[in-house]
Amino acid sequence: MAIAFLFTSSLLLLAGCGRSESAPRDAAARREAGELVVALQDDGKTLDPHKAADAASMHLIENLYSTLLRYAPEYGEVEPDLAERYEVSPDGLVYTFHLNRAATFHSGRRVTSADVKYSIERIRESEVRAAHFAAVKEIETPDEHTVVLRLAEPFAPLLTYVAHPMNAIVDRDVVEANDGSIDRVAAGSGPFKLVEWRKEQHLAMARHEGYHVPGLPRLSRVVFLPMPDPTVRTIALRNGEIDLILDVTGRDERVLRPAKNVSVAAVPGTFWEYVGINTAREPLNDVRVRQAIAWAIDRDAINRVVKLGAATVLDGGLIPPGHWAHAGLSIYPQRDLDKARELLTAAGVQPGELKLICKVGSAFPYQVAAGQMVKQQLRDVGIEVQLLAQESGVFFEALGKHDFDLTVVGWVGFVDPDEWTYELFHSKGMWNQQSYNNARVDALLEEGRRTTDRAARQRVYAEAQRIITDEAPMVFLYANDQASAALPAVGGFVVHPTASTIFLRDAALDGSGLIVTPAVEAADLGRQGIQGDRAAVRRFAATTGPRSSPWSGNPAPRGASPAPRSPGRPSRNRPPRAPSRSAALRTGLEAGRTRRGRASIGRAGPDRGCRS
């Protein structure tokens, strides 16, 4: 009650301190206006899609922009967006995209092939996701509605990267009018246009009346509120002060599921967490010291305490069960203190001699809690750890500067295995904050990009994960479900493994319920459906019965090998998806009745790549 009062008071305080017209309204007014209020864990840092690297910024940006292709509800699949169709040459070196001629920017100007070329070049200059287009040697615009990408060599993840929500097509006129900086303005053609962004208060957006998909978006307005405190978020939802919580933690899920006026939907997610180790610092540059830390950390215990046992422990690689590139390894199956002490002794580290600082983000209490447990567990082998919780901006800046010994942090949004690995573990990777360097891993990750045969790629990434896990630049902890909670009025929003908000364009206040993605097997086959028979995938999904998800508290047997998959070719054409979804995929939103999704991973990383 006290917390509820505090939250309500905070809204009143906002109102008394210059409340703007775009601030969130009360529930009745929201329904009448077609406005949806969404709570996020943190506020964004930028609105520039080509520079954003944190999850909160991406959540704000996604609906302001369009991309050539976009993520489909089925994890790992892509579907048309600005490009209504495309072709790929038989040798996989030429991709031709045909633009939707009805697409317009929020400025009213039509989207052209020149804008696409400008945007891809800007992405490459911005560096954050330049590697997504590393294989593109030439961009041609034979007419206003056609874009041709010519590659220097085959590049397996290209279509997934083209669909990445941050590889957005920007309005060149708006960018140049703002001297190249769109950190605080929007220059997109997405389903919603920016109304106002008040940092640490709210971001409001309104329907783009010129959106290129008929009938969408269905909402008139969307307002995002940063709410770092999970308890405040859950109380605000139960009180009807917000409509949707995008990310629900395991603890909050237990609180919200029995609530009569709230519905929770969850799918196996791509949010994975780890203990990062700075391999450039002594004695952490000694692989034996890192392996000792890996053996001393009890992942199961941290999962039980911090995640209430709901996460899937990762003891053999970072790509989780259900993804076609899961390696099926078990390299650190359980805590072994004797082995940890032997390795430290072999490395010349005496008990009590090694003192480390573990940095965590104060905005993520579950990672602070995990850091506390890491500190306690490493003390058992004579390693003293000081835990330092920092404000998000300070924390992520420190990681970017490699200014840490240990850290507990995570990524979310990855789809292709290249996204899960290359930028994090290649010696030249943009996000290799651990300064990890292994020539064999570099070669494998480069081979994985060039290889289009799925079975061959699976072998490449299994070998890369084996080496990386063994050498422990990161101690992988667990992968989490992606869960969202909403009021009964909310419908049409897809709870997606990437935690993407792009499906807000399909949301409405019609009471039809949240939507989860199809079955594990269907999603995995769906990945192949990019190259193959999508109808067959749909039929397969329809015949797959309910099952326990490996990412929903019922882990698959450890050490199990992934099923072999047939190779495919990087080419697909199909018509735009209709806005309506199969009723079979909807979750019940009656009071207290929910149905867990039969989804899987088969798809893109924190790159989608975002930290949280």
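Everything here concerns the structure above.
Procedures and definitions
- Residues numbered from 1 in each chain as written.
- Predicted model: local features only at pLDDT ≥ 70, side-chain atom pairs only at ≥ 80, totals over all residues.
- Heavy atoms only, no water.
- Salt bridge = Lys/Arg side-chain N within 4 Å of Asp/Glu carboxyl O.
- Helix = DSSP H or I, 4+ residues; strand = E, 2+ residues; numbered from the N terminus.
- Buried < 20%, exposed > 50% of the residue type's maximum accessible area, 1.4 Å probe, protein only.
- 1 Å grid on protein atoms, 1.4 Å probe; cavity = no way out; pocket = protein on both sides within 12 Å on 5 of 7 lines; lining within 4 Å.
- Points joined across faces, edges and corners; volume = space filled by probe spheres on them.
- Core = buried A, V, L, I, M, F, W, Y, C linked by side-chain atoms within 4.5 Å.
- Contact = heavy atoms within 4.5 Å.
- Pairing = 2+ DSSP bridges.
- Expected span 1.5 Å × (residues − 1).
- Polar contact = N/O pair within 3.5 Å; in protein donor to acceptor, adjacent residues only side chain to side chain.
- Right-handed = clockwise from strand over helix to strand, strands pointing away.

Asks: I keep staring at the pattern of salt bridges and nothing clicks. Help me out?
Replies: Side chains that carry opposite charge are capable of pairing whenever their charged atoms lie near each other. Taken as a whole and assessed by the stated rule, the structure comprises 29 salt bridges. With its nearest N and O atoms 2.7 Å apart, the salt bridge here joins Arg-218 to Asp-510. Here Arg-218 is found in the loop between β9 (202–207) and β10 (221–226), whereas its partner Asp-510 is found in the loop between β18 (491–495) and β19 (513–516), with 292 residues between them in sequence. Relative accessible area serves as the criterion here: at 38%, Arg-218 is assigned to the partly exposed category. Look at Asp-510 and you get partly exposed, because its relative accessible area is 39%. Through salt bridges that share partners, Arg-109, Asp-115, Asp-171 and Asp-173 make up one connected network.

Asks: I keep staring at empty space enclosed by the protein and nothing clicks. Help me out?
Replies: Any space left empty among the atoms is revealed by the rolling of a water-sized probe across them. Approximately 100 Å³ is the volume found for the second largest cavity. As for the second largest cavity, its lining consists of 13 residues, of which Glu-62, Tyr-65, Arg-70, Asp-81 and Ile-502 are closest to the centre.

Asks: Hey, could you run me through the nonpolar core in this one?
Replies: Within soluble globular proteins, side chains that are nonpolar tend to cluster in buried spots. Counting residues in hydrophobic clusters, the biggest one holds 153 residues, and the most contacted among them are Phe-97, Trp-272, Ile-293 and Phe-425. Sequence-distant contacts of Ile-293, defined by excluding residues within four places in its chain, comprise Ile-277, Leu-284, Leu-356, Leu-378, Ile-383, Leu-406 and Val-475. Within the second largest apolar cluster, 20 residues are counted, among which are Ala-204, Val-232, Ile-242 and Ala-266.

Asks: How do you make sense of the pairing of β10 when you look at a structure like this?
Replies: The two faces of the sheet receive side chains in turn, since in a regular strand these alternate between them. In terms of burial, β10 is a largely internal element, six of the six residues being buried. The two faces of β10 match: Arg-221, Val-223 and Leu-225 on one face and Val-222, Phe-224 and Pro-226 on the other face are all buried. Examined bridge by bridge, strand β1 (residues 35–40) and β10 share six bridges and lie parallel to one another. Pairing of Val-38 across the sheet is with Phe-224, part of β10. Sheet analysis places β9 next to β10, joined by four bridges and oriented antiparallel. In the sheet register, Ala-206 faces β10, and the bridge partner there is Arg-221.

Asks: Would you explain helix α16 (residues 454–471) in this entry?
Replies: Residues spaced three or four apart along an α-helix point in a common direction, a consequence of the helix completing one turn every 3.6 residues. Helix length check: α16, at 18 residues, gives a terminal C-alpha distance of 26 Å against a target of 26 Å (1.5 Å per residue), a fit within 8%. Buried within α16 we find Arg-454, Ala-456, Arg-457, Gln-458, Val-460, Tyr-461, Ala-464, Gln-465, Ile-467, Ile-468 and Thr-469. Regarding α16, its N-cap is Asp-453, as a side-chain oxygen of that residue lies 3.1 Å from the backbone nitrogen of Ala-455 further along. Ala-472 sits one or two positions beyond α16 and adopts a positive phi of about 55 degrees.

Asks: Teacher, can you tell me more about the pairing of strand β14 (residues 354–361) here?
Replies: The element β14 is extensively covered by neighbouring structure, given that six of its eight residues are classed as buried. Two strands pair when backbone bridges link them, and β14 and strand β15 (residues 383–390) are joined in this way by eight bridges, in the parallel orientation. For Cys-358, the partnering residue across the bridge sits in β15 and is Leu-387. For the crossover that starts at β14, traverses helix α12 (residues 365–379) and ends in the parallel β15, the hand is right-handed. Looking at chain direction, β14 and strand β16 (residues 406–414) are connected through two bridges and run parallel. Looking across to β16, one finds that Lys-359 is bridged to Thr-407.

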